[in-house]
Amino acid sequence: MLSSRRLPWLLLLSLALLVGCDDDEVPDLAEVEAAATPTPTPVPTPTPLPWVESDVTVKSGQVITSILQEQGLDYGEALTLVNAAADIHDLAKIRAGEALTVRSDRETGALIGVIYPLDRFGERRLVVERGEAGWSASEEARETVAVSVPVAGIVNSSLWGACDKLGLSADTIMGLVGVFEWEIDFNTQIRKGDSFRMLVESVRDAATGEHLRHGRILGAEFTSSGTTFQGFRFEDSEGKVGYFNAEGMSSKKMFLKSPLKFSRISSKFSRKRFHPILKKWRSHNGTDYAAGHGTPVRSIGRGTVSFSGTKGGYGSHVRVKHNGKYSSSYSHLSKRAVKNGQVVDQGQLIGYVGSSGLATGPHLHFEFYVDGKYSDFQRQSFPRTEPISSKEKPAFEAVRDALLPELQAVPPADAAAGGDDDDSANAQPVDADPG
Ligand SMILES: [Zn+2]
């Protein structure tokens with residue numbers, strides 16, 4: 001008896017046999033298709049590749065020719081291989097700890113190829129192969145797929161430490177900061193016990209499924225001091241990308257929470273403090289951020305540069321007028337990136353951290369003015385701006401409704417698994433309060 005599984009195949013086979021016959025003998029195609037559903041997928045027999053691949057890690061003191069000699073090439077042939085690759089990559093520059101893949105003939109075991117990653121994640125690779133005419137090299141791009149994966153972490157001492165422990169790259173950490181930087185000041189507000197979870201792309205080798213790197217953050221949740229913030233990635237019909245909370249409000253605000261992406265506040269705004277250089281009690285009319293020389297400084301908001309130059313104890317100084325009410329200024333810069341009268345966007349680079357003027361070491365002295373008076377920026381609160389447009393709202397809601405249950409299903413990290421290790425704080429440089 002025929003099994004039902006084989007029946008569709010017979011129908012397809014008879015259809016194939018009918019090709020070339022008279023029209024009236026051809027059965028109704030729709031009928032055949034209906035009967036043929038579901039078509040079983042034929043399982044291909046895997047053909048073993050004619051080679052095997054294995055990874056070799058470069059040991060200290062090893063050079064490329066000695067590695068290739070270990071793999072069975074003689075010195076002359078090893079040199080020929082290196083020369084063949086030279087136009088794409090100089091294999092002689094390979095260093096201890098790096099890895100390359102060697103391909104050997106399955107039958108004879110002879111070395112027939114060398115593969116070396118050309119970027120951090122091996123998405124582009126150098127492939128040197130032995131052919132009829134000797135060694136030849138080519139650059140190959142790996143085919144990749146992006147899969148959404150859950151990640152959760154908890155902060156013990158720093159967000160950086162927590163993310164690092166989870167194997168997240170600096171790019172992903174900056175991405176997470178970027179989702180929430182208008183709502184959370186990552187310089188001052190991060191506390192032990194703060195937690196986050198997110199859906200992030202895992203970019204994988206399409207053939208093997210091997211994880212290469214993390215990609216875009218699709219949705220994220222950050223709980224800081226008991227308050228939870230959410231952000232969902234949405235690309236509108238014009239290709240503009242932003243993160244919005246569940247209500248479709250952009251987290252973007254009039255001002256960034258900080259002019260530096262990552263740093264520590266070393267001295268807060270205060271009416272009185274003991275001045276380390278002047279050895280006097282003076283008020284501190286701004287906020288000091290400890291950061292390394294050359295750290296990029298961003299304008300906290302859109303505005304016009306009203307001063308760019310050197311100004312007494314402020315040193316190299318930039319002041320931005322945001323509107324009739326608010327201004328901000330950035331001092332002790334090592335280098336300025338804007339001119340007087342220039343219009344700057346929120347987040348635009350305006351200069352680099354330095355120690356010009358009266359400063360004991362590199363840091364940013366930042367001032368914020370309301371109606372021309374010094375104000376404590378840390379204590380200001382500004383409204384959310386930029387809600388999603390009504391035209392884009394249905395599309396956004398579809399994205400959110402797909403991501404929200406997935407995000408809520410991410411198990412929260414426990415302190416032991418996702419927590420970072422404690423690190424000690426460094427000495428904080430201070431400035432000389434020129435204001
Ligand atoms: Zn200061």
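Nothing here was measured: the structure is a model prediction, and the numbers come from that model.

Caption draft 1: Region of interest: the sheet that holds strand β8 (residues 211-224). Strand order in this open sheet of five strands is β6-β7-β8-β9-β10, and the pairing throughout is antiparallel. Either end of the sheet is taken by a strand with one partner, and the two such strands are β6 (144-154) and β10 (241-244). Strand after strand, the sheet turns through a mean of 25° between neighbouring axes, direction not considered. In the packing of helix α6 (residues 170-180) onto the sheet, the strands contacted are β7 (195-205), β8, β9 (227-235) and β10, and the crossing angle to β8 comes to about 35°.

Caption draft 2: Up close: the sheet that holds strand β5 (residues 134-141). The five strands are arranged β1-β2-β3-β4-β5 in an open sheet whose pairing can be described as antiparallel. Looking at strand neighbours, the two that pair on one side only are β1 (51-57) and β5, the edges of this open sheet. In this sheet, adjacent strand axes meet at a mean angle of 20° when their direction is disregarded. In this sheet, strand β3 (residues 111-117) lies alongside strand β2 (residues 99-105) in antiparallel orientation, the contact comprising four bridges. When the sheet's bridge partners are listed, V102 is paired in β3 with V114. Contacting β3, β4 (124-131) and β5, helix α4 (residues 75-85) runs over the sheet at an angle of about 40° to β5.

Caption draft 3: Summary view of the environment of D194. One can find D194 in the loop between α6 and β7. For the pair D194 and S158, spaced 36 residues apart in the sequence, the C-alpha separation amounts to 9.5 Å.

Caption draft 4: Quick look at the nonpolar core. Within the largest apolar cluster, 28 residues are counted, with the highest numbers of intra-cluster contacts made by L176, V179, M198, L199, V200, I217 and A220. Among the elements of the structure, β6, α5 (159-165), α6, β7, β8, β9, β10 and α7 (393-408) are those that each provide at least two residues to this core. Counting residues in each nonpolar core, the second largest holds 17 residues, with L81, L91, L100 and W135 among its members.

Reading the values: the criteria
Residues numbered from 1 in each chain as written. Predicted model: local features only at pLDDT ≥ 70, side-chain atom pairs only at ≥ 80, totals over all residues. Pairing = 2+ DSSP bridges. Helix = DSSP H or I, 4+ residues; strand = E, 2+ residues; numbered from the N terminus. Axes fitted to C-alpha atoms, helices over the stretch in contact; angles between N-to-C directions. Contact = placed C-beta atoms within 7 Å. Core = buried A, V, L, I, M, F, W, Y, C linked by C-beta atoms within 7 Å. Buried ≥ 20, exposed ≤ 12 C-beta atoms within 10 Å, placed from the backbone.

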